[in-house]
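# Overview (structure and organization)
Residue-level listing of the chains:
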Amino acid sequence: MGDNIVPKAIEPFNAYILLVLQYLTDNATRLIVSAGNITTLTFKVTDPATGWNHWHTLHSGAVTRTGPVNTYLHNSEGTITHQLQDIYNDIPRSVMTPDDYLTLHIAIPSDHRPRRTAITNIPFGKVYSVGGAIVNFIVRTDTHAKRAAMDPLADAVEIRGVLLGVDEALPTDPFKCDLVFTSKSALFSHAFTPANAGKKFACFLRFINLTDESKDGGWSGVITCIIGL
């Protein structure tokens, strides 16, 4: 984000960073910017030996504008830009005002979201456990067969499962499984208790729309693993 928002030319960057440093400092509590981030950003801008202001002053002088000074100046610009990127990514948009967006040069997010159609993808899932009574999940779509991926229309993955003895028959109906949980990520884990180690966990997966269940996707076939101790 910061790479596109922060000006790249030297003088526009200088004006922007001086304004933004003061603005973030004054509004840190409201924007939930940590004291550590403010301290680090202030140091990167104002430190008398290594900060942006120091290198910008040297760059502004005909005699002191040397190749090494230019290099240090651009390095300083890069580290400040990347820190601003981290800071801006962490600011909840729910606390931002129109003045915040204007001052920081952040585009106001659009409230418009196209109506979503029903989910047609059925997830491909892998489930495994290597110890700690933790079961790990990798969920894929038919268009991302080699890596974890969510359906673009889905808000989450729903998991319905059951704990079984090693020799017990597998379930055939997801709605008769008593363990139900969801994940908003395609790569996730679920913790069981050590008492469950050695049992077989069998489950079904589907992609779901959290605001309109009529658009939920279909269920996968049953997948299983033995819970590791």
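Here we summarise the structure given alongside this text. (Residues numbered from 1 in each chain as written. Predicted model: local features only at pLDDT ≥ 70, side-chain atom pairs only at ≥ 80, totals over all residues. Heavy atoms only, no water.)

### Side note on the side chain of Asp155
Its location among the elements puts Asp155 in the loop between β2 (134–140) and β3 (156–164). Among the polar contacts listed, one links the side chain of Asp155 to the side chain of Arg116, at a separation of 3.0 Å. In terms of polar contacts, Asp155 uses its side chain to reach the backbone amide nitrogen of Leu210, at 2.8 Å. (Helix = DSSP H or I, 4+ residues; strand = E, 2+ residues; numbered from the N terminus. Polar contact = N/O pair within 3.5 Å; in protein donor to acceptor, adjacent residues only side chain to side chain.)

### Observations regarding the pattern of salt bridges
Enumeration over the complete set of coordinates arrives at six salt bridges. Arg30 is the salt-bridge partner of Asp100, the closest N and O atoms lying 2.8 Å from each other. Note that Asp100 is positioned in helix α7 (residues 98–104) and Arg30 in helix α3 (residues 28–31), a separation of 70 residues in sequence. Among the residues examined, Asp100 registers a relative accessible area of 0% and is labelled buried. The residue Arg116 makes a salt bridge to Asp155 at a minimum N-O spacing of 3.0 Å. Of this pair, Arg116 sits in the loop between α7 and β1 (124–131) while Asp155 sits in the loop between β2 and β3, placing them 39 residues apart in sequence. What emerges from the salt-bridge pattern is a single network uniting Glu158, Arg160, Arg206 and Asp216. (Salt bridge = Lys/Arg side-chain N within 4 Å of Asp/Glu carboxyl O. Buried < 20%, exposed > 50% of the residue type's maximum accessible area, 1.4 Å probe, protein only.)

### Some details on the packing of helix α4 (residues 35–46) against helix α6 (residues 67–90)
Where α4 contacts α6, the two axes come as close as 10 Å, and the packing angle between them is 160°. On the basis of the axis angle, α4 is roughly antiparallel to α6. For the element pair α4 and α6, the recorded crossing hand is left-handed. Here Asn37, Thr40, Leu41, Lys44 and Val45 of α4 come into contact with α6, specifically with Ser76, Thr79, Ile80, Gln83, Leu84 and Ile87. Across the contact of α4 with α6, the residue classes tally to five nonpolar, five polar and one charged. (Axes fitted to C-alpha atoms, helices over the stretch in contact; angles between N-to-C directions. Parallel < 35°, antiparallel > 145°, perpendicular 65-115°, else oblique. Left-handed = near helix turned anticlockwise from the far one by under 90°. Contact = heavy atoms within 4.5 Å. Nonpolar A, V, L, I, M, F, W, Y, C, P; charged D, E, K, R; others polar.)

### Here's the deal with helix α5 (residues 52–60)
Taken together, the buried positions of α5 are occupied by Trp52, Trp55, His56 and His59. Down the axis of α5, the smallest arc covering the buried residues is 100°, so these residues share one side. In this structure, the buried residues of α5 make contact with α2 (10–26), α4 and α6. (Arc of directions from axis to C-beta.)

### Concerning the sheet that holds strand β7 (residues 223–226)
Strand order across the open sheet formed by four strands is β4-β3-β6-β7, with antiparallel pairing between neighbours. Since the sheet does not close on itself, it has two edges, and those belong to β4 (179–183) and β7, each with one partner. Going from strand to strand, the sheet's axes swing by 30° on average, the running direction of each strand aside. Here β3 runs beside strand β6 (residues 200–208); their pairing, made up of nine bridges, is antiparallel. Within β6, the residue paired with Ala156 across the bridge is Ile208. (Pairing = 2+ DSSP bridges.)

Function-wise, these values are silent; they only describe arrangement.
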